[in-house]
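# Geometric and topological summary
This is what each chain is made of:
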Amino acid sequence: MNFKGKVAISTGAASGMGLLFARSFAELGGDVVMCDINEDVLKEKVEEINERSNGKAIGVICDVRDYSQVCHARDVAVNTFGRIDVMANFAGGTAVRMRKVDRSAYPEFPDVPIDVYDWGIDVNLKGPFYFAHAVLSQMREQRSGLVINIGSITGAEGDGYGMDYPTSKAGLMYGLTKSIAQFGAKYGIRCVCISPGPVLTRPAMAKMQTMLGRAADPQEIIDLCLFIASEKGQFINGENIMIDGGRNAMKRG
């Protein structure tokens, strides 16, 4: 796969799979706009990629909950590189974990302060929605582009406590992905959702069961994203693809 001359935006790009996608895309010759709210770490990771990759990376401080910051990131991408070929929405996380909610103090869903769930829905659902709205005008002008949403097995399974996460991910996996694909078809724009099962971005993921008896290495998820973005993946559109080691196919009970 060769992404020379192609430009991607990756959110949550200072760490985790957002960083891994940015690094992999640049190593394959592409230019990447890395968006994150952690300025110091983002600067460090941008420098690392530029030191050892064929493509160029730039960093943009961006809170995906703020539409004006999202539009600024789009404008930086266009002004710097002239186009946007891939929009990869990696920023996200379960609000009760990210906001460090004490479950002993807030034992059940109705007990958790609503602002915690607001944060989760804003980051996990509205963030990708905002970026889609912002970049699709540029992709329409180009008459080409790809939006990659990141779903989750949790969007199919549900979660009786961290409800913001499956609610948001299900919205990406089905409603938003199909809708972007429907809008974009006449402009040569595709949208695909990649929905991982457990991924070893943190040790706790190893405890989730899969039919293969293991969690995914993060690179396995990124390799699928890269395939879909490459010339080899151009016929995939409007679909949610589970990459979960068979977890969704497991017998329940």
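Heads up: the structure comes first, above all this text.
In this report, we go over the structure that sits alongside the text.

Parameters at a glance
- Residues numbered from 1 in each chain as written.
- Predicted model: local features only at pLDDT ≥ 70, side-chain atom pairs only at ≥ 80, totals over all residues.
- Heavy atoms only, no water.
- Helix = DSSP H or I, 4+ residues; strand = E, 2+ residues; numbered from the N terminus.
- Buried < 20%, exposed > 50% of the residue type's maximum accessible area, 1.4 Å probe, protein only.
- Contact = heavy atoms within 4.5 Å.
- Core = buried A, V, L, I, M, F, W, Y, C linked by side-chain atoms within 4.5 Å.
- Pairing = 2+ DSSP bridges.
- Axes fitted to C-alpha atoms, helices over the stretch in contact; angles between N-to-C directions.
- Right-handed = clockwise from strand over helix to strand, strands pointing away.
- Parallel < 35°, antiparallel > 145°, perpendicular 65-115°, else oblique.
- Left-handed = near helix turned anticlockwise from the far one by under 90°.
- Nonpolar A, V, L, I, M, F, W, Y, C, P; charged D, E, K, R; others polar.

## What to know about the environment of L200
Mapped onto the elements of the fold, L200 is located in the loop between β6 (189-196) and α8 (218-229). Taking the relative accessible area as the measure of exposure, L200 reaches 44% and is therefore partly exposed. When the C-alpha atoms of L200 and D66 are compared, they prove to be 29 Å apart, with 134 residues separating the residues in sequence. Beyond its immediate sequence surroundings of up to four residues, L200 is in contact with M205, A206, A215, A216 and P218.

## Topic: the nonpolar core
Ranked by size, the top nonpolar core spans 41 residues in total, and within it I9, V33, C35, F131 and M139 carry the most contacts. Of all the secondary structure elements, the ones that give two or more residues to this core are β1 (7-11), β2 (31-36), β3 (57-61), α3 (67-81), α4 (95-98), α5 (114-142), α7 (164-184) and β6. Setting aside its immediate chain neighbours within four residues, V33 contacts A8, I9, S10, I58, V60, A73, A77 and F81. Counting 23 residues, the second largest nonpolar core, distinct from the first, contains A8, F21, A216 and I221.

## Concerning the sheet that holds β1
Taken in spatial order, the seven strands line up as β3-β2-β1-β4-β5-β6-β7 in an open sheet, and their pairing is parallel. Since the sheet does not close on itself, it has two edges, and those belong to β3 and β7 (239-243), each with one partner. Neighbour-to-neighbour, the strand axes of the sheet open up by a mean angle of 20°, direction not taken into account. In terms of strand pairing, strand β5 (residues 145-150) meets β6 through six bridges, oriented parallel. Following the sheet pairing, I150 is matched in β6 by I194. Lying over the sheet, α3 contacts β1, β2 and β3, oriented at roughly 155° with respect to β3. Sheet contacts for α5: β1, β2, β4 (86-89), β5 and β6; angle to β4, the most-contacted strand, approximately 180°.

## What to know about unusual backbone geometry
Here K100, not a glycine, exhibits a phi torsion of approximately 55°, which is positive. Counting through the fold element by element, K100 comes out in the loop between α4 and α5. For K100, a relative accessible area of 72% puts it in the exposed group. Not every positive phi belongs to a glycine, and R143 is a case in point at roughly 60°. Note that R143 resides in the loop between α5 and β5.

## Description of the pairing of β7
In this sheet, β7 lies alongside β6 in parallel orientation, the contact comprising five bridges. If you follow V192 over to β7, its bridge partner there is E239. Once the chain exits β6 it traverses α8 before rejoining the sheet at β7, and the crossover so formed is left-handed.

## Remarks on the packing of α5 against α7
Packing of α5 against α7 brings their axes to within 9 Å, and their N-to-C directions diverge by 15°. By the angle between their directions, the pair α5 and α7 is classed as roughly parallel. Here α5 runs over α7; the crossing is right-handed. Where α5 approaches α7, its residues Y117, G120, I121, N124, L125, P128, F129, A132, L136 and R140 are matched on the opposing element by D164, Y165, S168, K169, G171, L172, L176, I180 and F183. Partitioning the contact of α5 with α7 into residue classes produces twelve nonpolar, four polar and three charged.

Nothing here speaks to function; it is geometry throughout.
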